[in-house]
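Analysis of the macromolecular model
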Amino acid sequence: NVDRVSQWTAKAVARPLVTGWVLSVVALLLYATVARFVFSGVPLHLDEIAQVIQARIFAAGKLYVDPGLYPEFRSALHVLDAHGRWFTQFPPGGALMLVPGVWLGATWLVGPVTGAMSVALFWSIIRRIERRPSVVIGATLVFTLAPFVVFMSASHMNHVSALLWALVATYALVRIDEGTRFAALLGAALGMLATVRPVDAVALAVPAGAWLLWRLVQGAGAVRPVDAAAVAVSEGTWISWRLGHRGGAFRQLGAAGAVLALMLGMLAWYNWRTTGSPLLFAYEALWGPQHGLGFHAAPWGAAHTPVRGLELLSLYFLRLQTYWLETPIPSLVIPVVGMVATRGHSGVALYWLVSALLMALLYFFYWHDGFYLGPRFLFLLAPALAYWTAAGVAVLGANSDRIAGRAVGGALVASVALAIGVNIPQRLKQYRAGLVATRQDGTEPARHGGIKNALILVRESWGAQLVPRLWALGVSRSLTEVAYRSVDTCVLERAITALERGGVRGDSAVLAVTQLFADSARLTRSTWSPDPSERVLPGRAYEAVCHQRIAEDRAGFTIFAPLLTRDWGDNVYARDLHARDSLLIQAYPRRPVYLLRSDGSALGAKLVLIPVRRDSLASAWAIE
């Protein structure tokens, strides 16, 4: 059996084009199936929703759109909506990758296609740096089928695009001595990575730049990210690489640096056109300087300290133990064995290792807990983990003639069987049942009912309505998050209403909100409303309007942000803000008005569209 496997892997490596196509097609079909039937083919996470919103703006040929006079009716957590510009907080690269999906009406296919391209690139890299056919095939299969890779590649998250550009950069390093064009490709790939995830770009660019600079100083032109003497080429033969000259190294460094500088210049131009400053990223414009790296007060929640940084790093790697392969055996055990036991690491493996260490260091300074479908901040470690996993299995397999080796082999087979038969199906079920509200298509009731040219008010929970009203008063996103968690929801309702009626905004509104924090230590989560994020001050009597809002929560509500990723047709959708809706009624005097909400507070309740009379709205607003 071992001999047959060895013969099969050797034949697969000897036919790289066919094998690469087969692996890529399998990956595409697998990722697309998960995207469509597990994630419903829609963006579910708030980050995904923001990426699709910006992609729709790009697809219309714009960098941003007009927020309108009253942006609170369609604002969202990750959206900047001031100074005449409405756009999302992320760098542009991830959203640009989604634009073809917007044009085709299938953004859910972009992740699977990108993931399949990453598989093809990984195959092209691994067969050039590894001599053992079994490790080449094994590493590619692990990379293609690892649950963490599968689920992330089926999503709309920009980590998928980041991984693609990271692999393009690695591929360019592997072939950099075959022509200056590969050095230019390296610069372009790192530049594109910077437009998607700047922190990840730093982690990959610094060791690549240091290596190119070292080659220039040493006057060497040999491929050092590749195994010392040889690489596998498409015909399956081995060729030797010789030392080059300082001039070649200078041209490579210059080409890579020039293209990278051009790409960074384009990113700076985008920042200038959107935030008004080349060096000001949108997420810092939205959340303030506390959003960046370092030990300081976080935009919301606890301050980021070195202890918290270590806590988050530990949590990331603990989660990676599970989410990487979903095996009962911790998923990092085998890669560690492969990394430690393998002698004479290829230069690419060392590059991946240095980049991984630098990435971990950078995220040590980052305050946010990046968890979705696994420890997503470590997603770019997937190529290195796949390589060392296959290498670790090869090391253990070399001792298969011993009793201990056979026992280890049996344990590995049993672990994989349990992952396939138990753990992965459970994870599929968990993901399929999660984030129900964001899966629902809020435009479907209008299409089903043949309703056109209407103004449709979308009922969110009471607490969710207060947040954009605070934004509209000029309260920052970060202070709004703190206020929402630190003030009784009814107290916040009355304070916001008073500020709106008095026309108080900006610094005065901020001061008024911060004066409400005195009782924050006594607050508890609401047990009256289906939305547990709302806060209650024990012993405080609620006014009639607050009881009315709780009754509305119990009647049913939905989420507005996912509607920003949908085509509205002739209808206009806006967040229901009760008395402030009069502004919309005046703006659309001839449209029929409907209220969109869920039919009850049960999870996944059907969305219903209720016709509303304008005079009834006016009467309700007068009472409030």
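Preceding this section is the structure that the text describes.
Presented here is a report on the structure given in the accompanying data block. (Residues numbered from 1 in each chain as written. Predicted model: local features only at pLDDT ≥ 70, side-chain atom pairs only at ≥ 80, totals over all residues. Heavy atoms only, no water.)

1. Details of the overall build of the chain
A count of helices and strands for the chain gives 26 helices and ten strands. Expected size for 624 residues packed as a compact globule is a radius of gyration near 25 Å; at 27 Å, the chain falls within 12% of this value. Looking at the 624 residues of the chain, the share that counts as buried comes to 54%. Pairs at least 24 residues apart make up 74% of the contacts formed inside the chain by residues separated by at least 6 positions. Per element, the accessible surface of the chain, about 27,200 Å² overall, is 64% carbon and sulfur. Put simply, the chain has 55 plus and 38 minus side-chain charges, and the middle of one group is 7 Å from the middle of the other. (Helix = DSSP H or I, 4+ residues; strand = E, 2+ residues; numbered from the N terminus. Rg over C-alpha atoms; globule rule 2.2 N^0.38 Å. Buried < 20%, exposed > 50% of the residue type's maximum accessible area, 1.4 Å probe, protein only. Contact = heavy atoms within 4.5 Å. Areas by Shrake-Rupley, 256 points an atom, 1.4 Å probe, with all protein chains shown as cover. Lys, Arg positive; Asp, Glu negative; His and termini not counted. Charge placed at Lys NZ, Arg CZ, Asp CG, Glu CD.)

2. A look at the side chain of Arg580
Within the fold, Arg580 resides in the loop between strand S8 (572–575) and helix H25 (581–587). Classification of Arg580 by relative accessible area gives buried; the value is 15%. Leave out the neighbours within four places in its chain, and Arg580 touches Tyr70, Glu72, Phe73, Glu500 and Arg505.

3. Quick look at the sheet that holds S8
Neighbouring strands of a sheet are bound in pairs by backbone hydrogen bonds; such pairs are parallel or else antiparallel. The mixed open sheet is built from four strands, whose spatial order is S8-S5-S9-S10. Unpaired on one side and paired on the other, S8 and strand S10 (607–612) mark the two borders of the sheet. On average, each strand axis in the sheet is inclined to that of its neighbour by 30°, with strand direction left out of account. Judged from the four bridges that link them, strand S5 (residues 455–458) and S8 form a sheet pairing that is parallel. From the neighbouring strand, Leu455 faces S8, where its bridge partner is Val572. (Pairing = 2+ DSSP bridges. Axes fitted to C-alpha atoms, helices over the stretch in contact; angles between N-to-C directions.)

4. What to know about unusual backbone geometry
In this model, Ser40 sits at a positive phi of 60°, which is unusual for a non-glycine residue. Note that Ser40 resides in the loop between helix H2 (16–37) and helix H3 (46–59). Unusually for a residue other than glycine, His578 sits at a positive phi of about 60°. A relative accessible area of 7% places His578 in the buried class.

5. Thoughts on the pairing of strand S2 (residues 85–88)
Strand direction decides the pairing type here: strand S1 (residues 79–82) and S2, joined by four bridges, are antiparallel. Looking at S2, one finds that Leu80 is bridged to Phe87. Connecting the antiparallel pair S1 and S2 is a turn made up of two residues, with His83 showing a positive phi of about 60°.

6. So, the packing of helix H13 (residues 306–323) against helix H15 (residues 347–364)
Relative orientation and spacing of two packed helices are given, respectively, by the angle between their axes and the distance between those axes. The N-to-C vectors of H13 and H15 enclose an angle of 135°; their axes lie 9 Å apart at closest approach. In this view, H13 runs oblique relative to H15, as classed from their interaxial angle. Here Pro306, Gly309, Leu310, Leu313 and Tyr316 of H13 come into contact with H15, specifically with Ala360, Tyr363 and Phe364. (Parallel < 35°, antiparallel > 145°, perpendicular 65-115°, else oblique.)

7. Structural notes on the state of the cysteines
Per the counting criterion, the structure on display carries one disulfide. Two residues share a disulfide in this structure: Cys490 and Cys546, whose sulfurs sit 1.9 Å from each other. Linking Cys490 and Cys546, the disulfide has an S-S dihedral of approximately 80° and is accordingly described as right-handed. Taken together, the positions of Cys490 in helix H22 (residues 489–502) and Cys546 in helix H24 (residues 544–555) put the pair 56 residues apart, joining distant regions of the chain. (Disulfide = S-S within 2.5 Å.)

8. What about the environment of Val608?
Tracing the backbone through its elements, the reader meets Val608 in strand S10. Sequence separation between Val608 and Ala446 is 162 residues, and the spatial gap between their C-alpha atoms is 9.1 Å. Sequence-distant contacts of Val608, that is, excluding residues within four places in its chain, are made with Leu595, Leu596, Arg597, Ser598 and Asp599.

9. So, the nonpolar core
Counting residues in each nonpolar core, the largest one holds 102 residues, and the members touching the most others are Phe39, Leu186, Leu204, Trp324 and Leu380. Tallying contributions element by element places helix H8 (residues 159–174) first for this core, with 13 residues. Among residues more than four places away in sequence, those in contact with Leu204 are Ala166, Leu190, Leu193, Tyr351, Ser355, Met359 and Leu380. (Core = buried A, V, L, I, M, F, W, Y, C linked by side-chain atoms within 4.5 Å.)

10. Here's the deal with the packing of aromatic side chains
Applying the stated criterion to the full structure yields 22 aromatic pairs. Ring plane angle 75° and centroid distance 5.4 Å describe the contact between Phe295 and Phe364, whose orientation is recorded as edge-to-face. In this pair, Phe295 is assigned in the loop between helix H12 (282–287) and H13 and Phe364 in helix H15, connecting sequence segments 69 residues apart. Owing to a relative accessible area of 14%, Phe364 belongs among the buried residues under this scheme. Through a chain of ring-to-ring contacts, three or more aromatic side chains come together here, namely Tyr316, Tyr363, Tyr366, Trp367 and Phe377. Here Arg74 stacks its cationic end above the ring of Trp86, 4.4 Å away from the centre of that ring. Lying over the aromatic face of Trp471, Arg477 brings its terminal NZ or CZ to 3.7 Å of the ring centre. (Phe/Tyr/Trp six-rings, centres within 6.5 Å; stacked < 30°, edge-to-face > 60°. Lys NZ or Arg CZ within 6 Å of the ring centre and 35° of its normal.)

11. Topic: the pattern of salt bridges
Within the structure shown, the criterion is met by 20 salt bridges. Its salt-bridge partner being Asp441, residue Arg447 comes within 3.0 Å of it at the nearest N-O pair. According to the relative accessible area criterion, Asp441 is buried, its value standing at 19%. If you follow the salt bridges from partner to partner, you end up with Asp441, Arg447 and Arg566 in one network. (Salt bridge = Lys/Arg side-chain N within 4 Å of Asp/Glu carboxyl O.)

12. Thoughts on a nonpolar patch on the surface
A cluster of nonpolar side chains, Trp8, Val18, Val22, Val26, Leu30, Leu141 and Leu145, forms an exposed patch at the surface whose accessible area comes to about 590 Å². Breaking the nonpolar patch down by element, the ones donating at least two residues are H2 and helix H6 (133–145). If you tally residues by element for the nonpolar patch, the top one is H2, at four residues. With respect to the helices, strands and loops of the structure, Trp8 is situated in helix H1 (residues 2–14). (Patch = residues over 30% accessible without salt bridge, like charges linked within 9 Å, V, L, I, M, F, W, Y side chains within 5 Å.)

13. Some points on the packing of helix H20 (residues 462–472) against helix H21 (residues 477–486)
Put simply, H20 and H21 touch, their axes get as near as 10 Å, and they point 145° apart. Both H20 and H21 take part in a crossing whose hand is right-handed. Of the residues in H21, those touching H20 at Gly463, Ala464, Val467, Leu470 and Trp471 are Arg477, Thr480 and Tyr484. Considered class by class, the residues forming the contact of H20 with H21 number five nonpolar, two polar and one charged. (Left-handed = near helix turned anticlockwise from the far one by under 90°. Nonpolar A, V, L, I, M, F, W, Y, C, P; charged D, E, K, R; others polar.)

14. A short note on the side chain of Glu72
Along the polypeptide, Glu72 turns up in the loop between H3 and S1. When neighbours within four sequence positions are excluded, Glu72 is seen to be in contact with Pro468, Ala472, Arg575, Leu577 and Arg580.

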